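Next come the chains, spelled out residue by residue.
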Amino acid sequence: MALLRKINQVLLFLLIVTLCGILYKKVHKETVLRNESDDDSEPPEEMEEEIPVVICAAAGRMGATMAAINSIYSNTDANILFYVVGLRNTLSRIRKWIEHSKLREINFKIVEFNPIVLKGKIRPDSSRPELLQPLNFVRFYLPLLIHQHEKVIYLDDDVIVQGDIQELYDTTLALGHAAAFSGDCDLPSAQDMNRFVGLQNTYMGYLDYRKKTIKDLGISPSTCSFNPGVIVANMTEWKHQRITKQLEKWMQKNVEENLYSSSLGGGVATSPMLIVFHGKYSAINPLWHIRHLGWNPDTRYSEHFLQEAKLLHWNGRHKPWDFPSVHNDLWESWFVPDPAGIFKLNHHNS
């Protein structure tokens, strides 16, 4: 009898354990299903695409950079990451200007550009020394400065953006093209262009066709040039085609042979890009690069046309923060005062 009682106790214990196991599995399964159902009802948000915008901040014209950034940030809902590039001695000032002004809300990274990479690659030219500043060549080295992005926007500092930068970022680059630019023959109207006396819009204005090295390229001197102040670049293609190395090669050739100079078309950074990207670039919508606002202080676009423009570029000698200049009211509306009080507007024309 004692043995039978013990067997019954064991059986009862096993039955209780089995029932507990079944009950646990049922409750656990319902919990898992409920969690999965909750997940289905509230799917996780997809990560918003980040748009990288590279812009330089030079010591003497940092206010231009901040105005450009302000105009971009204020005219879009896109997720912008600003890469603000400067030389070592300006980095703390860049950070202070952003963090102690209305720009404190932007998403940004400060990147140091080391001018040592330019050693032996720039030919001294006294006609426009500002064009020989190291930051003028940052656009040649985009993959070295920006690593985790497939597509990048580069902008000169003397621009104002009036449209949604997402539109510019969505520019289609053809297969095999590392960059998109705005062609100099795509400008709004010949009538407007005729008023810009001395303006160059062909390769003849940038390259010295008396030199054999230039003739041997086989590029017609009447080929339309482009302006590299606004670039949409594909980093994969750029690296694959070794664009930076090609540009450096032509910089060195110019040092040796004086193939072009800033006294011609007005930019030592433009000429090598015209050679390397000849016939191998996509087009940017012309309204996304309305330029030459800094060309002549006596020449103006119509106000209606400027309102239609997506991006304004004061390329040339006459900058909107200085005197004399034109359409500077459009630029000043985006100006962000310098917290350090160093950068000041020249209001002689007010």
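An unreviewed UniProt entry lists the chain under the name Glycosyltransferase 8 domain-containing protein 2, from Ailuropoda melanoleuca. Under Subcellular location (unreviewed entry), UniProt gives the following word-for-word description of the chain: "Membrane".

Student: What exactly am I supposed to notice about empty space enclosed by the protein here?
Tutor: Counted by the stated rule, this structure contains 1 cavity of 30 Å³ or more. What the largest cavity holds in volume is close to 60 Å³. Lining the largest cavity are 10 residues, and of these K121, I122, F137, N254 and V268 sit closest to its centre. Within the lining of the largest cavity, the residues separate by chemical class into 7 nonpolar, 1 polar and 2 charged.

Student: What is the right way to look at the state of the cysteines in this model?
Tutor: Each disulfide consists of a covalent bond between the sulfur atoms of two cysteine residues. According to the stated counting rule, one finds 1 disulfide in the structure shown. Between the sulfur atoms of C185 and its disulfide partner C224 the distance amounts to 1.7 Å. Every disulfide takes its handedness from the sign of the S-S torsion; for C185 and C224 that torsion is -90°, giving left-handed. Of this pair, C185 sits in the loop between β6 (179-183) and α6 (190-194) while C224 sits in the loop between α7 (212-215) and β7 (226-234), and the two are 39 residues apart along the sequence. For C185, a relative accessible area of 39% gives the class partly exposed.

Student: Sorry if this is basic, but what is going on with the pairing of strand β4 (residues 151-155) here?
Tutor: Within a regular beta strand, the side chains point alternately toward one face of the sheet and then the other, so they alternate between its two faces. Among the 5 residues in β4, 5 count as buried, and that is most of the element. Because side chains alternate across β4, one face comprises the buried residues K151, I153 and L155, and the other comprises V152 and Y154, equally buried. In this sheet, β4 lies alongside strand β1 (residues 50-56) in parallel orientation, the contact comprising 3 bridges. Across the sheet, the residue bridging to V54 is Y154, located in β4. As defined by bridge partners, β4 adjoins β7 across 5 bridges and the pair is classed as antiparallel. Residue pairing across strands places Y154 opposite I231, the latter belonging to β7.

Student: Before we go on, may I ask you to explain the packing of aromatic side chains in this structure?
Tutor: The description of two aromatic rings rests on the distance between their centres and on the angle between their planes. This model, assessed by the stated rule, comprises 13 aromatic pairs. Geometrically, the ring pair formed by Y301 and F305 is tilted, given 5.3 Å between the ring centres and 40° between the ring planes. For the pair formed by Y301 and F305, the shared burial category is buried. Put simply, the rings of W97, W321, W331, F335 and F343 touch in pairs and so form one group of aromatic residues.

What counts, and at which threshold
Residues numbered from 1 in each chain as written. Predicted model: local features only at pLDDT ≥ 70, side-chain atom pairs only at ≥ 80, totals over all residues. Heavy atoms only, no water. UniProt positions renumbered as here; feature names shortened; annotations may be inferred. 1 Å grid on protein atoms, 1.4 Å probe; cavity = no way out; pocket = protein on both sides within 12 Å on 5 of 7 lines; lining within 4 Å. Points joined across faces, edges and corners; volume = space filled by probe spheres on them. Nonpolar A, V, L, I, M, F, W, Y, C, P; charged D, E, K, R; others polar. Disulfide = S-S within 2.5 Å. Helix = DSSP H or I, 4+ residues; strand = E, 2+ residues; numbered from the N terminus. Buried < 20%, exposed > 50% of the residue type's maximum accessible area, 1.4 Å probe, protein only. Pairing = 2+ DSSP bridges. Phe/Tyr/Trp six-rings, centres within 6.5 Å; stacked < 30°, edge-to-face > 60°.

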